[in-house]
Amino acid sequence: MPVAQLTAIDYVTMAVYFAVVLGIGWALRRRMRTSTDFLVSGRSLPPWVTGLAFLSANLGAQEVIGMGASGAKYGIATSHFYWVGAIPAMVFVGIFMMPFYYGSRARSVPEYLKLRFDEKTRTLNAISFAAMTVFSSGVSMYAMGKLLNLLLGWNFDTSVIVSAAIVLAYVLLGGLTSAIYNEVLQFFMIVFGFAPLAWIGLRTVGGWDGLTAKLSAAAVTQGLPAGSYTHAWQGMGSAATNPIGVEWFGLVMGLGFVLSFGYWCTDFLVVQRAMAADSMTAARRTPLIAAVPKMLFPFLVILPGMIALALSVSTGPGQGMIPAKLAADGAPLLNAAGRVVLDYDMATPMMLVSLFPNGLLGLGLTALIASFMSGMAGNVTAFNTVWTYDIYQTHIRRGASDAHYLWMGRAATVGGIALSVAAAYVAGAFNNIMDFLQLVFAFVNAPLFATFALGMFWRRSTGHGAFSGLVSGIAAAALHHGLTLAAGSVPGVKGGYFAVLATYPSELAQTFWTAIVAFSTCLAVTIVVSLFTRPRPDEELRGLVYSLTARPVDKTKRWIERPAVLAIGVLAMTLLLNLIFA
């Protein structure tokens with residue numbers, strides 16, 4: 001039996017949303033005349049649109065459901081993914097890196113690597129990025145399948161196929177432009193759908209004071225200091241005294257620097273939105289505009305998970321708002337220590353079906369569907385661009401007509417969706433999909449950020465050094481992950497597949513240190529190899545390296561719209577939030 005009993009008004013809400021989403025794609029279909037129209041939007045969009053799309057492309061199911069899961073698992077410390085692990089990097093990419101991406105006229109991040117280094121570095125990044133987008137899209141699809149299974153009683157396989165078909169339809173119709181405008185719509189749907197959940201949830205637990213009291217009891221039960229779930233920085237001196245299971249250095253270096261900058265500064269999924277802006281200034285403002293709502297999203301997506309944990313304090317493991325994962329025979333799944341494995345990904349959906357009345361439940365469910373579609377479509381549009389321009393056009397069929405590449409872009413959309421379906425089943429091995437995504441980023445984005453940092457700010461770095469560094473960084477990530485394991489896990493997809501030489505307190509701690517190892521290895525190898533190989537002449541690097549590029553001139557008339565002013569304001573507000581919830 002389905003957990004949610006939807007009424008006609010709930011189905012009407014969902015139907016209207018689907019009609020609008022498909023209508024946007026249908027309205028834009030006649031504008032998709034060239035591969036540039038379909039794949040890169042022709043650099044024609046205003047900054048408020050690209051800014052919200054920049055945020056919304058990252059606001060997929062792994063954000064809404066995954067961050068809710070992390071809120072239930074780690075408490076307010078999950079805000080580090082925003083106030084440490086996102087905002088500083090978003091400011092950095094807007095101020096320092098967008099001039100290179102936008103000014104070089106590259107159509108993708110891998111193409112920038114070709115301009116800065118060489119073809120082999122571009123190809124390696126294109127292949128690894130394509131794989132990462134497939135995994136990320138698969139995670140969104142997995143979350144959607146579980147959601148429909150829980151709320152509507154559909155079996156998982158049917159849910160995955162139906163959800164894939166919805167996204168495929170509007171991306172095929174309107175390409176990147178359709179995805180971006182739908183991402184703006186989805187942003188507002190997520191806000192309107194989850195703001196009531198946070199409000200009703202807080203009232204249910206007795207406000208912030210009631211939530212603090214219940215979570216203090218939960219922390220003590222877990223052997224942690226009383227304020228561990230409601231103070232972001234408390235207990236960060238040791239991995240044993242905070243729910244994340246990582247000390248401050250691993251957090252700041254692994255998440256705040258390597259993973260954060262590796263994602264926001266180099267991931268084409270989000271950079272693609274800024275590159276669709278109508279000017280250099282608009283492109284620089286894009287991530288800064290996105291950073292303002294981004295810093296407030298913990299109150300929409302993390303807070304419901306924390307409330308789910310508070311409402312489960314008085315129940316047994318797997319009996320409250322956070323159900324147990326089930327084995328194939330239907331019995332609760334146990335970890336290596338014999339404890340029940342909780343399905344944290346169900347924390348936010350369980351809050352929806354438990355606290356929302358009919359009508360509002362339809363809005364909340366539509367918000368979850370919007371988050372899924374936003375994340376999945378973002379990954380698919382990034383995948384089809386990289387596949388078409390950086391792999392197919394470069395290595396398989398050069399010199400074909402633009403009509404052929406437009407056809408290939410659409411074919412790549414279908415292929416990306418199909419591969420994502422397969423990846424959805426891999427994601428089911430993780431009890432927290434955000435942990436899964438962070439691991440993927442550790443393998444791909446962590447070494448890539450080292451390559452970009454050296455490429456943009458050290459003109460002596462070479463193509464041979466960049467390629468060797470990337471390969472070494474990815475290999476180091478695989479080796480470290482294969483020799484370590486999180487406490488309570490069994491060797492396999494979660495690590496330890498070579499041997500178990502070290503055990504981390506949590507999966508996140510293992511992932512953060514995997515990222516640090518990958519970044520450090522790539523950085524060191526790139527420097528060493530570059531020193532022994534010939535660099536490119538300065539004339540070929542103008543516009544690609546910081547020291548050889550003219551500083552961008554802001555064309556905005558009002559001082560408050562200048563990127564530097566926006567950046568200072570964003571950083572000040574982020575610091576204030578860290579102090580309030582320290």
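Residues numbered from 1 in each chain as written. Predicted model: local features only at pLDDT ≥ 70, side-chain atom pairs only at ≥ 80, totals over all residues. Heavy atoms only, no water.

1. Some points on the overall build of the protein chain
For the protein chain, the count of helices and strands is 22 helices and 2 strands. The globule rule puts the C-alpha radius of gyration for 582 residues at 25 Å, and the 23 Å found for the protein chain is close to it. Looking at the protein chain as a whole, 60% of its 582 residues qualify as buried. When the accessible surface of the protein chain is split by element, carbon and sulfur atoms take 67% of a total near 20,700 Å². Here the protein chain contributes 35 positively and 24 negatively charged side chains, and the mean placements of these two sets differ by 7 Å. (Helix = DSSP H or I, 4+ residues; strand = E, 2+ residues; numbered from the N terminus. Rg over C-alpha atoms; globule rule 2.2 N^0.38 Å. Buried < 20%, exposed > 50% of the residue type's maximum accessible area, 1.4 Å probe, protein only. Areas by Shrake-Rupley, 256 points an atom, 1.4 Å probe, with all protein chains shown as cover. Lys, Arg positive; Asp, Glu negative; His and termini not counted. Charge placed at Lys NZ, Arg CZ, Asp CG, Glu CD.)

2. Details of the environment of P99
Mapped onto the secondary structure, P99 falls in helix α6 (residues 87–103). Between the C-alpha atom of P99 and that of G473, which follows or precedes it by 374 residues, the distance is 26 Å. Filtering out sequence-adjacent residues up to four positions away, P99 remains in contact with G94, S104, M280, R284 and P552. (Contact = heavy atoms within 4.5 Å.)

3. Details of the side chain of N578
Following the sequence through the fold, N578 ends up in helix α22 (residues 563–580). Among the residues examined, N578 registers a relative accessible area of 13% and is labelled buried. If we ignore the near neighbours within four places in the chain, the residues touching N578 are W83, V84 and W233.

4. A look at the pattern of salt bridges
The full count for this structure, using the stated rule, is 9 salt bridges. Residue R107 pairs with E111 through a salt bridge whose shortest N-O separation is 3.0 Å. Through salt bridges with shared partners, one network takes in R107, E111, E119, R122 and D390. (Salt bridge = Lys/Arg side-chain N within 4 Å of Asp/Glu carboxyl O.)

5. Points about helix α1 (residues 8–28)
In this model, α1 (21 residues) spans 30 Å end to end at C-alpha, consistent with the 30 Å of a helix rising 1.5 Å per residue. Against the buried residues of α1 lie α9 (156–204) and α16 (360–396). (Expected span 1.5 Å × (residues − 1).)

6. Structural notes on the packing of aromatic side chains
One pass over the full model with this rule turns up 32 aromatic pairs. A centroid spacing of 6.0 Å and a plane angle of 35° characterise the contact between F249 and W513, whose relative ring orientation is tilted. With F249 in helix α11 (residues 248–264) and W513 in helix α20 (residues 507–531), this residue pair connects regions lying 264 residues apart in the sequence. The exposure class of W513 is partly exposed, given its relative accessible area of 23%. Aromatic ring contacts, followed pair by pair, group F92, F96, F100, F257, F261, F449, F457, F519 and Y546 into a single cluster. (Phe/Tyr/Trp six-rings, centres within 6.5 Å; stacked < 30°, edge-to-face > 60°.)

7. Description of the domain arrangement of the protein chain
Taken domain by domain, the protein chain consists of domain 1 (8–429 + 550–580) and domain 2 (430–549). Using only C-alpha atoms to locate each centre, domain 1 and domain 2 end up separated by 22 Å. Together, the buried faces of domain 1 and domain 2 total about 5,300 Å²; carbon and sulfur atoms form 72% of this surface. The tally of links from domain 1 across to domain 2 stands at 0 salt bridges. Across the contact surface, domain 1 and domain 2 share 13 residue pairs in polar contact (both at pLDDT 80 or more). Taken together, the elements giving at least two residues each to the side of domain 1 that touches domain 2 come down to α4 (61–74), α6, α7 (109–116), α8 (119–152), α11 and α17 (402–427). The leading source of residues in the side of domain 1 that touches domain 2 is α11, at 12 residues. (Domains from an automatic or database assignment. Buried area = accessible area lost by both parts, 1.4 Å probe. Polar contact = N/O pair within 3.5 Å; in protein donor to acceptor, adjacent residues only side chain to side chain.)

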